[in-house]
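Examination of the molecular architecture
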Amino acid sequence: MTHLPKEWRFLPDAWSYAVILTGSPQAATDLVTNTLNGVATRHDILGNKHRRRVFFATLFRDANKSPRLALPESGLSEDTLELHRLSEPGRSTLALFHLGFFPIDEIADIVGKSEKEMPDILVATRTALTSTPRP
Amino acid sequence: MNLPKARRLLICYIADPNVTPSPAVQKALKVAADSDILSSEYQAQVEIDKRVHASIKGLRIPEDVLSSLGNRVASIPPRRFNPRDPAMVAVLIGFLLLVTVLTWNFLGRPAAFPSAAIEIAEEVLTFDERPFEPVNLPAGSLEDWFVLKGFDGFDVPTPLEKYNAEDAAILKIDTQSVAAITVPEQNSQFISFNAHPHEITIFPEGSWRYLQLDTENALALRRDADMCFMVIRQGSLAELKRFLEKDKD
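So, here is what we can say about the structure in this document. This is a predicted model, so every value here is computed, not measured.

So, the overall build of chain A
Scanning chain A for helices and strands turns up seven helices and zero strands. Its helices and strands taken in sequence order, chain A reads α-α-α-α-α-α-α from the N to the C terminus. Counting all 135 residues of chain A, 49% fall into the buried class. By sequence separation, contacts in chain A at least 24 residues apart represent 62% of the contacts at least 6 residues apart.

What follows is the structure, encoded as structure tokens:
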């Protein structure tokens, strides 16, 4: 098991989030690597919490610039593909909510919404998951 | 807590058996327990959240990817000096504060009129016994007279040497000797004393400090080397300044 420094131990979870966003483990690896390269050279980022927030915000921004890649051969579970197919900002809100790194107001910042909108977004996203037919 | 508020709280809550809910969430859960609608909504939410949580936590980063990321992290150079670093900002603020305090001590205090000189002026003006002896000589020629009386260092600024001193005395104020002469033609008294016992600093040396002592008297003080020279003049501060400016050259 590779040992990451404490301030970077969120990287495996960032990769999981990237998989949900891209729908592809390979694309997730590329996205996390590129984001890591970008964040590592940013000298304006101070403090571990700030770095983590910038990292996830960058993943959110960059992933949503690209098309969704989920393919049957991607090897992802149906539950993961369900999450992948959700629309934004509900998909990221729910995923970040479950990763547990950020309070609700910071998640709102990352997805570009106000904190007041968060409950409605969560309800709509959970409803979308409920209405998805299970295999 | 009412039902809508409880609902909004529970929507933003993920049940975790290892974490005790906050008091607000506990209240919301009690409200939910008393409401069939909210209770069923919350149970449905819990089921969905279990699926989502299991799905996210079920994703495992491949070991080679983790190793690659670990290597990249290890190659990140340590952070260099950054002026926006909060620690640097704190140090900078502390340094500026220190500079301000030192500047105040070394420049600000000498810029004010020294309180020790005010006390001397007040003592001179209220001296009960007047041990003055008539001299009737120009102020600039009294150095030897004072030396003979036991006071060294009496010195009058050159422009004021010409004024005639009617009488002179050595006064004892707080065990320190103070040389005083009266100059009636200018309604003034010229005072000379050693600066060290009174810890009087004036910067730059030879410059005047002014003060309106009360409604009747104004003061001007300067320090040359170890000696202070003070003019106590009846009248306003403006008149005193004009008097000293007039004789400047």
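On we go from here.
So, helix α3 (residues 36-57) of chain B
With 22 residues, α3 of chain B should cover 32 Å at 1.5 Å per step; its first-to-last C-alpha distance of 31 Å lies within 8% of that length. Every buried residue of α3 of chain B is accounted for by Leu38, Tyr42, Gln45, Val46, Ile48, Asp49, Val52, Ser55 and Ile56 of chain B.

Observations regarding the interface of chain A and chain B
Counting residues at the interface gives 43 residues for chain A, matched by 32 residues for chain B. A combined buried area of about 3,400 Å² lies between chain A and chain B, and 68% of that area is made up of carbon and sulfur atoms. The tally of links between chain A and chain B comes to three salt bridges. Measuring nitrogen to oxygen at the nearest pair gives 3.9 Å for the salt bridge that ties lysine 57 of chain B to aspartate 13 of chain A. Counting the contacts that link chain A with chain B gives eight residue pairs in polar contact (both at pLDDT 80 or more). Its residues placed into classes, the side of chain A that touches chain B shows 25 nonpolar, 10 polar and eight charged.

Focus: the nonpolar core
Core analysis: the biggest nonpolar cluster contains 51 residues, and Leu11, Tyr17, Phe55, Phe56, Leu59 and Leu96 of chain A have the highest contact counts within it. At eight residues, helix α1 (residues 11-22) of chain A tops the list of elements feeding residues into this core. With sequence-adjacent residues up to four places away left out, leucine 11 of chain A is seen in contact with Leu4, Val32, Leu36 and Phe55 of chain A together with Leu69 and Val73 of chain B. Leu142, Ala220, Val231 and Leu244 of chain B belong to the second largest nonpolar core, which has 25 residues in total.

Side note on helix α3 (residues 48-63) of chain A
Each turn of an α-helix holds 3.6 residues, which means side chains three or four residues apart point in the same direction. All names here are of chain A. Between the first and last C-alpha of α3 there are 22 Å, a value that for 16 residues agrees with the 22 Å anticipated at 1.5 Å per step. Residues Arg51, Val54, Phe55, Phe56, Thr58, Leu59, Phe60 and Ala63 constitute the buried set of α3. Where α3 is buried, its residues meet α1, α2 (25-40), α5 (90-99) and α6 (104-111).

Let's talk about the pairing of strand β7 (residues 227-234) of chain B
All names here are of chain B. Judged by how many residues are buried, β7 sits mostly within the fold: seven of eight residues are covered. As paired strands, strand β4 (residues 188-194) and β7 are joined by seven bridges and run antiparallel to one another. Bridge pairing in β7 links phenylalanine 190 to valine 231. Taking the residues between adjacent antiparallel strands as the criterion, strand β6 (residues 217-224) and β7 are bridged by two residues, where alanine 225 takes a positive phi near 55 degrees.

Quick look at the side chain of serine 16 of chain A
Note on placement: serine 16 of chain A falls in helix α1. Among all residues touching serine 16 of chain A, those that are not within four sequence positions of it are Ile56 and Leu59 of chain B.

Things to note about the pattern of salt bridges
Inspection of every chain in the model, using the stated rule, returns 12 salt bridges over all chains. For arginine 126 of chain A, the salt bridge goes to aspartate 49 of chain B, with nearest N and O atoms at 3.0 Å. With arginine 126 of chain A in helix α7 (residues 118-131) and aspartate 49 of chain B in helix α3, this residue pair bridges two chains. A relative accessible area of 5% places aspartate 49 of chain B in the buried class. With a closest N to O distance of 3.0 Å, lysine 149 of chain B and glutamate 133 of chain B form a salt bridge. Of this pair, lysine 149 of chain B sits in the loop between α7 (143-148) and β2 (164-173) while glutamate 133 of chain B sits in strand β1 (residues 133-138), placing them 16 residues apart in sequence.

Remarks on the packing of helix α4 (residues 78-85) of chain A against α3 of chain B
At a closest axis distance of 9 Å, the pairing of α4 of chain A and α3 of chain B adopts a crossing angle of 105 degrees. In terms of their interaxial angle, α4 of chain A and α3 of chain B are classed as roughly perpendicular. Facing Asp79, Thr80, Glu82 and Leu83 of chain A of α4 of chain A, the residues of α3 of chain B in contact are Arg51, Val52, Ser55 and Ile56 of chain B. Looking at the contact of α4 of chain A with α3 of chain B residue by residue, the classes come out as three nonpolar, two polar and three charged.

Some remarks on the packing of aromatic side chains
Across all of its chains, the model carries 14 aromatic pairs over all chains by this definition. On the numbers, 5.1 Å between centres and 85 degrees between planes, the contact of tryptophan 145 of chain B with phenylalanine 146 of chain B is edge-to-face. Residue tryptophan 145 of chain B shares its accessibility class with phenylalanine 146 of chain B, and that shared class is buried. When the centroid spacing of 5.4 Å and the interplanar angle of 65 degrees are considered together, the rings of phenylalanine 190 of chain B and phenylalanine 229 of chain B count as edge-to-face. On the criterion of sequence distance, the pair formed by phenylalanine 190 of chain B in strand β4 and phenylalanine 229 of chain B in strand β7 is long-range, its members being 39 residues apart. Accessibility expressed as a relative area gives 2% for phenylalanine 229 of chain B, which makes it buried. Grouping aromatic residues by their ring pairs yields a cluster made of Trp8, Phe10, Tyr17, Phe55, Phe56, Phe101 and Phe102 of chain A. We note arginine 222 of chain B situated over the ring of tryptophan 208 of chain B; from NZ or CZ to the ring centre the distance is 5.2 Å. The ring of tyrosine 210 of chain B carries the charged tip of lysine 241 of chain B above its face, separated from the ring centre by 5.1 Å.

Cut-offs applied
- Residues numbered from 1 in each chain as written.
- Chains lettered and ligands numbered in written order.
- Predicted model: local features only at pLDDT ≥ 70, side-chain atom pairs only at ≥ 80, totals over all residues.
- Heavy atoms only, no water.
- Helix = DSSP H or I, 4+ residues; strand = E, 2+ residues; numbered from the N terminus.
- Buried < 20%, exposed > 50% of the residue type's maximum accessible area, 1.4 Å probe, protein only.
- Contact = heavy atoms within 4.5 Å.
- Expected span 1.5 Å × (residues − 1).
- Buried area = accessible area lost by both parts, 1.4 Å probe.
- Salt bridge = Lys/Arg side-chain N within 4 Å of Asp/Glu carboxyl O.
- Polar contact = N/O pair within 3.5 Å; in protein donor to acceptor, adjacent residues only side chain to side chain.
- Nonpolar A, V, L, I, M, F, W, Y, C, P; charged D, E, K, R; others polar.
- Core = buried A, V, L, I, M, F, W, Y, C linked by side-chain atoms within 4.5 Å.
- Pairing = 2+ DSSP bridges.
- Axes fitted to C-alpha atoms, helices over the stretch in contact; angles between N-to-C directions.
- Parallel < 35°, antiparallel > 145°, perpendicular 65-115°, else oblique.
- Phe/Tyr/Trp six-rings, centres within 6.5 Å; stacked < 30°, edge-to-face > 60°.
- Lys NZ or Arg CZ within 6 Å of the ring centre and 35° of its normal.

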